[in-house]
Amino acid sequence: AEVVIVENAAAAGALVAQEIVELLDRKADAVLGLATGSTPLGVYKALAQRVEGRDLSQVRGFALDEYVGLDPAHPESYRSVITREVVEPLGLDPARVHVPNGSDETIQHAGADYEAAIEAAGGVDLQILGIGTDGHIGFNEPGSSFASRTRVKTLTEQTREDNARFFDSIDQVPRHCITQGLGTILRARHLVLLAFGEGKAQAIADAVEGPVSAILPASAIQLHEHATVVVDEAAASKLK
Ligand code: F6R
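Residues numbered from 1 in each chain as written. Predicted model: local features only at pLDDT ≥ 70, side-chain atom pairs only at ≥ 80, totals over all residues.

1. Observations regarding the packing of helix H2 (residues 41-50) against helix H3 (residues 78-90)
For step 1, the next point in the chain: Two elements in contact, H2 and H3, have axes separated by 10 Å at closest approach and are oriented at 10°. Considering their axes alone, H2 and H3 lie roughly parallel with respect to each other. Residues Leu 41, Tyr 44, Leu 47 and Ala 48 of H2 form the contact with H3, whose own contacting residues are Glu 85, Val 86, Pro 89 and Leu 90.
For step 2, the next point in the chain: Across the contact of H2 with H3, the residue classes tally to 7 nonpolar, no polar and 1 charged. (Axes fitted to C-alpha atoms, helices over the stretch in contact; angles between N-to-C directions. Helix = DSSP H or I, 4+ residues; strand = E, 2+ residues; numbered from the N terminus. Parallel < 35°, antiparallel > 145°, perpendicular 65-115°, else oblique. Contact = placed C-beta atoms within 7 Å. Nonpolar A, V, L, I, M, F, W, Y, C, P; charged D, E, K, R; others polar.)

Okay, structure coming up:
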């Protein structure tokens, strides 16, 4: 992967937003792969500033993941987060922005349906990724198959603790999620993995320089021909 070290999250946001603007200039109905969590917020913010006044109603989007069994109207469902942080500020067409369906009733088909929707859109042009402290991307926790496609997974205790900050207490963090697989993510045409802060330094070093292993799911990016890693000094501090 190509590693770009930037001063801070705002600089990373400006850089990646510029990349996305160039993509949209080439392809008005580009397919964006959207991550949730704290890391990509600077990208969405910078992008919203850059595209102000521009018609982005053709743009398509696919979120990486969703909690299972959380009401989509819950403010921390990824459907809500994507609506609030991406669809509304960018003026996207909500009908063109997809989030895996984590409802219990349809969960059996949800993975295959999501894969079919990505396929029908012609695949993801640019996939934004964050990384978990345990090296997960999407919610592909350690041990996930590199061939995996969108499916239901169990969240690790570590990830539930990491995400408890978005809920009133850890008991409210769902135990299951539906996530694009590593195989799904690897099919995107360009991967942009972002990470900031010391807490991500080990995961970044392992992802970029460690052995390619399912133990560190983000190391899958080493198999991709166009992967860009954008990090601050702290997140880069364990790279050789
Ligand atoms: C979110 C996602 C996760 C996060 C990761 C880092 O859609 O897929 O892999 O990117 O957990 O989360 P933050 O950015 O909150 O540190």
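2. Some thoughts on the UniProt feature "active site" (unreviewed entry) in the protein chain
For step 1, the next point in the chain: With numbering aligned to this structure, UniProt lists the feature "active site" (unreviewed entry) at Asp 65, Asp 134, His 136 and Glu 141.
For step 2, the next point in the chain: C-beta crowding within 10 Å serves as the criterion here: with 25 such atoms nearby, Asp 65 is assigned to the buried category.
For step 3, the next point in the chain: For Asp 65, the contacting residues outside a window of four places in its chain are Tyr 78, Pro 100, Gly 138, Phe 139, Cys 177, Ile 178, Thr 179 and Gln 180.
For step 4, the next point in the chain: Glu 141 sits in the buried class, given 21 other C-beta atoms within 10 Å. (UniProt positions renumbered as here; feature names shortened; annotations may be inferred. Buried ≥ 20, exposed ≤ 12 C-beta atoms within 10 Å, placed from the backbone.)

3. Thoughts on the pairing of strand E8 (residues 176-179)
For step 1, the next point in the chain: Examined bridge by bridge, strand E4 (residues 65-67) and E8 share 3 bridges and lie antiparallel to one another. Of the residues in E8, the one forming a bridge with Asp 65 is Thr 179.
For step 2, the next point in the chain: Pairing analysis gives 4 bridges linking strand E7 (residues 151-154) to E8, with the strands arranged antiparallel. Counterpart to Thr 154 in the pairing with E8 is His 176. (Pairing = 2+ DSSP bridges.)

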